[in-house]
Structure formats: structure tokens, C-alpha cells
Amino acid sequence: MEPTHPARAGAPPLLEARSISKYFGAITALHNVNFHVGEGEVLGVVGDNGAGKSTLMKILSGLYTPSEGELVFRGKPVRFSGPKEARKLGIEMVYQDFALAGNMAIYENIYLGREPGRKCGPLTLVDHQKSRTMAKEHLDKLKIHVKSIDQNAENLSGGQRQAVAIARATAFDGKLVIMDEPTAALAIKEVGKVLDLIRSLKEHGVAVIIISHRMDDIFYCCDRVMALYQGTNFAEAKLADTSRNEVIGWIMGTKNHTSSLAHDQVH
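Residues numbered from 1 in each chain as written. Predicted model: local features only at pLDDT ≥ 70, side-chain atom pairs only at ≥ 80, totals over all residues. Heavy atoms only, no water.

Peer 1: Describe the packing of helix 6 (residues 158–170) against helix 7 (residues 188–200), and please don't skip the residues or the numbers.
Peer 2: At a minimum axis distance of 9 Å, the contact between helix 6 and helix 7 shows a crossing angle of 15°. The orientation of helix 6 relative to helix 7 falls into the category roughly parallel. Along this stretch, helix 6 crosses helix 7, giving a crossing that reads as right-handed. The segment helix 6 lies against helix 7, with Gly158, Gly159, Gln160, Gln162, Ala163 and Ile166 engaging Glu190, Val194, Leu197 and Ile198. Among the residues forming the contact of helix 6 with helix 7, the class breakdown is 5 nonpolar, 4 polar and 1 charged. (Axes fitted to C-alpha atoms, helices over the stretch in contact; angles between N-to-C directions. Helix = DSSP H or I, 4+ residues; strand = E, 2+ residues; numbered from the N terminus. Parallel < 35°, antiparallel > 145°, perpendicular 65-115°, else oblique. Left-handed = near helix turned anticlockwise from the far one by under 90°. Contact = heavy atoms within 4.5 Å. Nonpolar A, V, L, I, M, F, W, Y, C, P; charged D, E, K, R; others polar.)

Right, dumping it as C-alpha cells:
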């Protein structure tokens, strides 16, 4: 599958958040946040603890509904009542703990809950051989190497578990993968492999959002970075137009020079 780029194709962004606010009782987690990500783009989202990063990502993935504002997918307003509806559009979330079943094989984890097979009343008779074949083809496409797809997830290294989680997120025509601190739990030697895998998703037209405190990760694989500060947009730029020190300043709520948001907040 060839990557597509909205700027070239004249298409709208893959996913937008327009004037999103989220309240938890008297607490304002997000206020009037605007956001966009294009097809095949890797976007870094930064901010201090409590900046609203995770809340925004949970709204994008359908776990939360916004109190105000709207989400727009390929130019059309959408409203998710849960993560299942977001997944139908190809929006997947990969959490820090990978959410894999340790006592199940790699191929079973990739298709867990969406196994190929045939329906028999309320049950699905799983076609394990088809699952193995599909899993092997998908891992090969992503250049993910494991000893055997029959290995249990609990026997994998942290980097391998992250790779399997990414494979699962993209196995069903994934359009956007949201990753929360994807390298936080990894050994140093595994970080590069996972970041290379994230970069390779661009080749398949998959958009990626990375929440990370690690500037090395952001500047290695992202095309653009946006910062949230105290629940609002603070700054945004292409990686080529900013620096690590400037982005660190954004996280702390300071700007070295005037930096406007790269995307028009008025729609």
C-alpha cells in the first residue's frame, strides 16, 4: 500500500479535533484544543504531567467523549460512543503495558477478539491455521522478526512485545496508531528497533501519534511536534523548524521566540 499525503492529494487531514474541551466535574482537563494529523504522518505530542495529553488521546480513541467540540475524520464529523467505534475507522491505541495476553501465542494476540473463523451461533470457530498464516504475513510486511509466532507473549522481550502490540494495532487496516510512551519500558538496545518500526509505518500510509517525554524519540521519528500546556494548545512546529531546547521550553510553558500554531485553529 502506497502512503498518501493530504498535502499532495488535496485531501483533508486524517483526523482533526476542533475546539475540544473535557471537564471532569469542576476540573478542566482540556480547554478549546485543536489538533490534526495527516495520513502517513508521525506526530509527537508533548507536555508536562497534567497537560492533557492522555485525555486528548483517550478522546481520539473513543474512550472518552468530549464535553465540547467535535472530531472530524477525513472531513466528516464523527462521534464515538466507545473504542470499538474508533477501531472501526482504523484508530487504535497502544498503551504502555502493551495489553497483551501473556499466556497466549503471538498470532493469538494479534487477532485476539477479532479471530478469523466462522460463526456458529453466538460462538466463533477459530481457524488457527489461517490466524498463523495471516500473522506471519503481517509480521513479515512490517519486518518484525520473532523466533516463532507460536511463542507466548510472556516469553518476549519488551521490544518484541511492543512490536507485537503495533502489529495488532495495524492488522485490521489501521489508519492511525496512538502510542503512549512507546519506549518507556524498553531496554536501550530495543528502543531503536521500535522507533524504526514506527517510522516504517509511514511506508504503509499509517499515521502515528506518539506521546513521549523523550526528546530523542520525538526528534528521531516524528514529522511534527505539538505541545499542550495546562490543557490547552501551546505551540506546534515541524521538526525541521524547531529544536530540542525549544520543545523542552514549550513543555515548561515558555517560548524562546514567537511560534504560532502550524494549523489554523479557526475552521
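Peer 1: Go over the environment of Gly69 with me, naming the residues and quoting the values.
Peer 2: Locating Gly69 in the fold gives a position in strand 4 (residues 68–73). Here Gly69 is in contact with Arg18, Ser19 and Ile20, once residues within four sequence places are set aside.

Peer 1: Give me the sheet that holds strand 10 (residues 207–211): which residues, what numbers.
Peer 2: Read from one edge of the open sheet, 6 strands run 6-9-10-3-11-12, paired in mixed fashion. Bordering the open sheet on either side are strand 6 (91–94) and strand 12 (232–238), each of which pairs with just one other strand. Pairs of neighbouring strands in the sheet enclose a mean axial angle of 20°, with direction left out of account. Strand direction decides the pairing type here: strand 6 and strand 9 (residues 176–180), joined by 4 bridges, are parallel. (Pairing = 2+ DSSP bridges.)

Peer 1: Hey, could you go over the packing of aromatic side chains for me, with residue numbers and the actual values?
Peer 2: The full count for this structure, using the stated rule, is 3 aromatic pairs. Ring plane angle 70° and centroid distance 5.4 Å describe the contact between Phe24 and Tyr64, whose orientation is recorded as edge-to-face. On the criterion of sequence distance, the pair formed by Phe24 in strand 1 (residues 15–24) and Tyr64 in the loop between helix 2 (53–60) and strand 4 is long-range, its members being 40 residues apart. Here Tyr229 and Phe234 contribute two aromatic rings whose centre-to-centre distance is 5.5 Å and whose plane-to-plane angle is 55°, an arrangement assigned as tilted. Tyr229 gets classed as partly exposed once you look at its relative accessible area, which sits at 26%. (Phe/Tyr/Trp six-rings, centres within 6.5 Å; stacked < 30°, edge-to-face > 60°. Buried < 20%, exposed > 50% of the residue type's maximum accessible area, 1.4 Å probe, protein only.)

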